[in-house]
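What follows is each chain in one-letter form.
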There are 4 protein chains.
Amino acid sequence: MRISVIGGQEADEQASRMAFEVGREIGARGHVLICGGRTGVMREACRGAKESGGITVGILPGDDLGDVNEFVDIPLPTGIGYTRNVLVARAGEAVIAIDGQLGTLSEIAFALISGRPVVGLGTWELRDGNGVEAPIERVEDAVSAVDACEAAVAAASG
Amino acid sequence: MRISVIGGQEADEQASRMAFEVGREIGARGHVLICGGRTGVMREACRGAKESGGITVGILPGDDLGDVNEFVDIPLPTGIGYTRNVLVARAGEAVIAIDGQLGTLSEIAFALISGRPVVGLGTWELRDGNGVEAPIERVEDAVSAVDACEAAVAAASG
Amino acid sequence: MRISVIGGQEADEQASRMAFEVGREIGARGHVLICGGRTGVMREACRGAKESGGITVGILPGDDLGDVNEFVDIPLPTGIGYTRNVLVARAGEAVIAIDGQLGTLSEIAFALISGRPVVGLGTWELRDGNGVEAPIERVEDAVSAVDACEAAVAAASG
Amino acid sequence: MRISVIGGQEADEQASRMAFEVGREIGARGHVLICGGRTGVMREACRGAKESGGITVGILPGDDLGDVNEFVDIPLPTGIGYTRNVLVARAGEAVIAIDGQLGTLSEIAFALISGRPVVGLGTWELRDGNGVEAPIERVEDAVSAVDACEAAVAAASG
């Protein structure tokens, strides 16, 4: 299974630790971790995945490898800037959002547009003009996050 | 000035009326209206702009004109599906969000990433993981919405 | 009708003059000129269109107006770099290619993929691995170029 | 090293065999094979890479896995249609073009724009308006193709 991990390129200590644990859990279960390939949550998630033997893919904004983190196995330079967020959101079968700023918000939106289940760890709360909340499944830890991805994908294909 | 108007391709009566009034105000002030070129808020905004003599641009998801509304002067088929939302968000110097669903959410996110001022009429409320609200300037009517766009762009360039 | 004019951002005297004449002819016939919004062939074509009262659209690589030429009426910043070439190629109902380098080559390819007729003025010659030439209609002057666009679009819709 | 293999989604016997051999050679040397993930040259190249133990990435036009071939390890649905050709061209450090139609032409163009070395096996011949040929290094067999990729990347980084 492919799981996209999204979150800020600047991450505080809590978000960094959570990202590392999520990445490690993804790798331990044999899933492929997809992310934006850069710093912060992206880097910590990749570092975690490599610690448990996982494979990591980084979809980069630039046209070269100038900003890739050292835990990305397969870097994919795009040259389309932040528009690559759309691709990060869609590339996974499920998406785990950790904390994050506007880039993460854009990725949550595109994941939901494309029907990908979104699991949230301390991330955005979104209510439309009628007060209806966007369908982010909120969890508290890394194991629950990956459990929720697996359950959602199993339910969708079942 | 170019103003992007974003909102759902399905719009209730209130959102439709608001979209029409926003479009009419944009046209009356000589601004160019940019949108996604389809139904709902997009169509009503274009209809309003044409009533007051404005120019309308529709950035379409498809590779042809199959889904363009009849009030678009300059249709731009893209063939990139919903990823064209990114382009709609960036093409304006300011963005007015009316109601809307997930597509609108993605456009708000990309407008903010790109530093475009976003003015909201009954649209999404967004709080990040620390409870900080995204910087959408909320207004109640069409005149205030276009006023807010003009003021924000003047402040940015001034 | 919308006609995309493509060609190098650096243009010699002959290509520049041809671009100007093509733009002027597009404007004189009331068509909308679409281009990449920058220098060289793009700028000269826009300048020609404005001399004859046409409307010009520039689909820009950057996220702002830093590199737009002064004859673009409606600039559309995209923030996706050269990938915007795909959009320039698709936005017109027909495409006129003048001289040009690799960017122009990419636009010709995407125009043909999307079924847009391509008219060439001193531009690329393309033969596939079986020696079959790509369907570019070659002409020698600006009037013939716009004539060919009109005829091809009429034939396609007729 | 990442090598993009591009070519037609319909391939004759010769192109298919060449694609298989190229893929097998890429896998045997421990490189990652990147392609558009579908039929024809893409499928045969992936099949070859899997026979020699390589890793394959497929960057798909659709938003789901509907058209992925069975030899792709890491499918990346994009939802941007043929515009994904730009990403296929850029994702590799070098590009091998085998035969191919208009999609392949667009990928060659974007590879060259992005400074990727392009190695050709029975593919397009491209001359600009001054008769200057585009810099495709032409080879006759799979071993030479991968040799040429390695040499070009070594030269660029050396």
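All values derive from a computational prediction rather than experimental measurement. (Residues numbered from 1 in each chain as written. Chains lettered and ligands numbered in written order. Predicted model: local features only at pLDDT ≥ 70, side-chain atom pairs only at ≥ 80, totals over all residues. Heavy atoms only, no water.)

Enquirer: Sorry, what's going on with the interface of chain A and chain B here?
Expert: How big an interface is tends to be expressed through the accessible area that disappears when the partners come together. Between chain A and chain B, the contact holds 26 residues from the first and 26 residues from the second. Buried surface at the junction of chain A and chain B, summed over both partners, amounts to about 2100 Å²; 68% is from carbon and sulfur atoms. Joining chain A to chain B, the criterion identifies zero salt bridges. On inspection of chain A and its partner chain B, the count reaches four residue pairs in polar contact (both at pLDDT 80 or more). Elements with a minimum of two residues in the side of chain A that touches chain B: helix H3 (84–91), helix H4 (102–113) and strand S7 (125–127) of chain A. The class makeup of the residues in the side of chain A that touches chain B is eleven nonpolar, ten polar and five charged. Two strands pair when backbone bridges link them, and S7(A) and strand S7 (residues 125–127) of chain B are joined in this way by three bridges, in the antiparallel orientation. If you follow Arg127(A) over to S7(B), its bridge partner there is Glu125(B). (Contact = heavy atoms within 4.5 Å. Buried area = accessible area lost by both parts, 1.4 Å probe. Salt bridge = Lys/Arg side-chain N within 4 Å of Asp/Glu carboxyl O. Polar contact = N/O pair within 3.5 Å; in protein donor to acceptor, adjacent residues only side chain to side chain. Helix = DSSP H or I, 4+ residues; strand = E, 2+ residues; numbered from the N terminus. Nonpolar A, V, L, I, M, F, W, Y, C, P; charged D, E, K, R; others polar. Pairing = 2+ DSSP bridges.)

Enquirer: So what exactly am I meant to see when it comes to the packing of helix H3 (residues 84–91) of chain B against helix H4 (residues 102–113) of chain B here?
Expert: Between two packed helices, both the angle of their axes relative to each other and the distance between the axes serve to describe the pair. Residue and element names in this part refer to chain B. Where H3 contacts H4, the axes come no closer than 8 Å and their chain directions differ by 50°. When the axes of H3 and H4 are compared, the pair comes out oblique. When you trace H3 past H4, the crossing you get is right-handed. Across from Asn85, Val86, Val88, Ala89 and Arg90 in H3, the residues of H4 making contact are Gly103, Ser106, Glu107, Phe110 and Ala111. Per-class residue counts for the contact of H3 with H4 are five nonpolar, three polar and two charged. (Axes fitted to C-alpha atoms, helices over the stretch in contact; angles between N-to-C directions. Parallel < 35°, antiparallel > 145°, perpendicular 65-115°, else oblique. Left-handed = near helix turned anticlockwise from the far one by under 90°.)

Enquirer: Looking at this structure, how should I read the confidence of the model for chain A?
Expert: Detailed conclusions should not be drawn from predicted coordinates in areas where pLDDT is low. Within chain A, residue pLDDT values average 97, and 100% of them lie at 70 or more. This complex was scored by the predictor with a pTM of 0.97 and an ipTM of 0.96. (pLDDT = per-residue confidence, 0-100.)

Enquirer: Before we go on, may I ask you to explain the packing of aromatic side chains in this structure?
Expert: Any two aromatic rings considered together are summarised by their centre-to-centre distance and by the angle between their planes. Enumeration over the complete set of coordinates arrives at two aromatic pairs over all chains. When the ring of Phe110(A) is compared with that of Phe110(B), the centres are 6.2 Å apart and the planes differ by 70°; the resulting orientation is edge-to-face. Within this pair, whereas Phe110(A) is found in helix H4, its partner Phe110(B) is found in helix H4, the two belonging to separate chains. Residue classification places Phe110(A) among the buried positions, given a relative accessible area of 0%. (Phe/Tyr/Trp six-rings, centres within 6.5 Å; stacked < 30°, edge-to-face > 60°. Buried < 20%, exposed > 50% of the residue type's maximum accessible area, 1.4 Å probe, protein only.)

Enquirer: Sorry, what's going on with the side chain of Thr78(D) here?
Expert: With respect to the helices, strands and loops of the structure, Thr78(D) is situated in the loop between strand S4 (74–77) and helix H3 (84–91). Residue class for Thr78(D) comes out buried when judged on its relative accessible area of 3%. Setting aside anything within four residues of it in sequence, one finds Thr78(D) in contact with Leu87(A), Arg90(A), Ile59(D), Leu60(D), Pro61(D), Gly62(D), Arg84(D) and Leu87(D).

Enquirer: Looking at this model, I keep getting lost on the relation of the copies chain C and chain D. Mind explaining?
Expert: In summary, the two copies of the chain are related to each other by a rotation about an axis coupled with a shift along it. Note on the copies: chain C fits chain D at an RMSD of 0.0 Å, the axial shift is 0.0 Å, and the rotation between them is 180°. As the rotation angle and translation indicate, the two copies are arranged about a two-fold axis. Same-surface contact between copies: 100% of interface residues of chain C are shared with the interface of chain D. (Least-squares fit on C-alpha atoms with pLDDT ≥ 70 in both.)

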